[in-house]
Amino acid sequence: MQRIVVIGAGAMGCLFAAKLALAGHRVTVADVDQARMDAIAAQGIALSLDDGDFAARVGACPIAAVDGPVDLLVLFTKGMHSAAAIASAAHLVDTGCTVLTLQNGLGNTDAIATVFPRERIVWGVTDFPADLHGANAVSSHGQGHVWLAGLIAAADTQARHVADILDGAGLNARFAPEVEAMVWDKVAFNSALNALCTLGQVPVGRLDSAPIRRIVGMIMDEIAAIARAEGIAFDRTRTMAKVDFALANHTGHKPSMLQDRLAGRRTEVESINGAVLAIAARHGLAAPTLELVTDLVCLGEPA
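The structure presented is a predicted model; accordingly, all values stated were derived computationally and were not measured.

As for the pattern of salt bridges
Step number 1: The final tally for this structure, using the stated rule, is 13 salt bridges.
Step number 2: Between Arg-238 and Asp-185 there is a salt bridge, with its nearest N and O atoms 2.6 Å apart. One end of the pair, Arg-238, is in helix α8 (residues 236-249); the other, Asp-185, is in helix α6 (residues 179-200), and 53 residues separate them in sequence.
Step number 3: Since its relative accessible area comes to 0%, Asp-185 is described here as buried.
Step number 4: Overlapping salt bridges, with partners in common, bring together Lys-78, Asp-260 and Arg-265 in one network.

What follows is the structure, given as structure tokens:
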């Protein structure tokens, strides 16, 4: 893929843009934050990893200023901005590009499919930690992975190619036909850990205690029941293993929900926790622990 455009220059967008640029791809990031765009255009992205510090040169501009050809469009905005962000990229439909989302929450593929054909949409999850520092610096410490597949079978060939591209950039990417269940794993993980980190204003490692693990377990039980009602093959054991991995390996990481709270921004709680609760309501299922944690996060949202 000769040209990759990443919409959303937050922590994850900057991490993936920098890794892809360092692997030799022509990468442009697009964001509505002009100060961030100016800093990235002038200085690139400063990337701090366990194996050293790197400087990645990437382009930066508003999405309206991006023209073809584009081979891969990566959507990395917050879930509540997905519809507006993908609508702003409608002029790229005719380039024939593949669209990838690894965003948190549910409903992002539906937003993309209102603009781009489903046979060109690839979706998945990642558990890479990423922390933004200033306008154009990002750090990622500890191991991470990417799992993805085509939104429909007709997109699986593109998905395999995208997996190869990301894997070649050191992003440990794999094609995973069971990606829908893995998306629910990530939603459950985030509904618990991101929300609890936000409430306590603590990094992931501070959640490693018996009382907090009990709360996490209760949330997992509730989401497992909701997923089953949706016909999702949710694997509670696999999800709890990812929780254990994060508590042991991502101890200093501040989830994006917490980073938003500390910066005074709206969080993704409605597109993550809220989306799960909406599905629970549709099935007439109670999720009291998840609902309480979600309501407490909402209490701190900016007006």
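Back to the text.
Observations regarding the sheet that holds strand β11 (residues 146-150)
Step number 1: Reading across the sheet, the 8 strands line up as β5-β2-β1-β6-β7-β8-β11-β12 and stay open at both edges, with mixed pairing between neighbours. Among the strands making up the open sheet, the edge pair consists of β5 (59-60) and β12 (173-175).
Step number 2: The pairing of strand β7 (residues 98-101) with strand β8 (residues 121-126) spans 3 bridges and is parallel. Counterpart to Val-99 in the pairing with β8 is Ile-121.

Observations concerning helix α7 (residues 210-229)
Step number 1: For α7, which comprises 20 residues, the first-to-last C-alpha distance of 29 Å matches the rise-based estimate of 28 Å (1.5 Å per residue) to within 8%.
Step number 2: Taken residue by residue, α7 has Val-216, Gly-217, Ile-219, Met-220, Glu-222, Ile-223, Ala-224, Ile-226 and Ala-227 as its buried positions.
Step number 3: The elements touched by buried residues of α7 are α6, α8, α10 (273-282) and α11 (288-299).
Step number 4: Two residues or fewer past α7, Gly-231 is found with a positive phi of approximately 80 degrees.

Thresholds applied
- For every chain, the first residue of the written sequence is number 1, and numbering continues from 1 along that sequence.
- Where local features are concerned, this predicted model is filtered to residues with pLDDT of at least 70; where side-chain atom pairs are given and counted, the filter is 80 or more; whole-chain, interface and lining totals use all residues.
- Values reported for side chains reflect all heavy atoms of the structure, with hydrogen atoms and water molecules removed beforehand.
- By salt bridge we mean one thing: a side-chain nitrogen of Lys or Arg within 4 Å of a carboxyl oxygen of Asp or Glu.
- Only DSSP runs of H or I with at least four residues qualify as helices, and only runs of E with at least two residues qualify as strands; both kinds are numbered from the N terminus onward.
- Only protein chains enter the accessibility calculation, which uses a 1.4 Å probe; a residue whose area is less than 20% of its type maximum is buried, one above 50% is exposed, and one in between is partly exposed.
- For two strands to count as paired, DSSP must find a minimum of two bridges between them.
- The span you would expect from a helix comes to 1.5 Å times its residue count less one.
- A contact between two residues is defined here by any heavy atoms of the two lying within 4.5 Å.

Interpretation in functional terms is not warranted from these geometric data alone.
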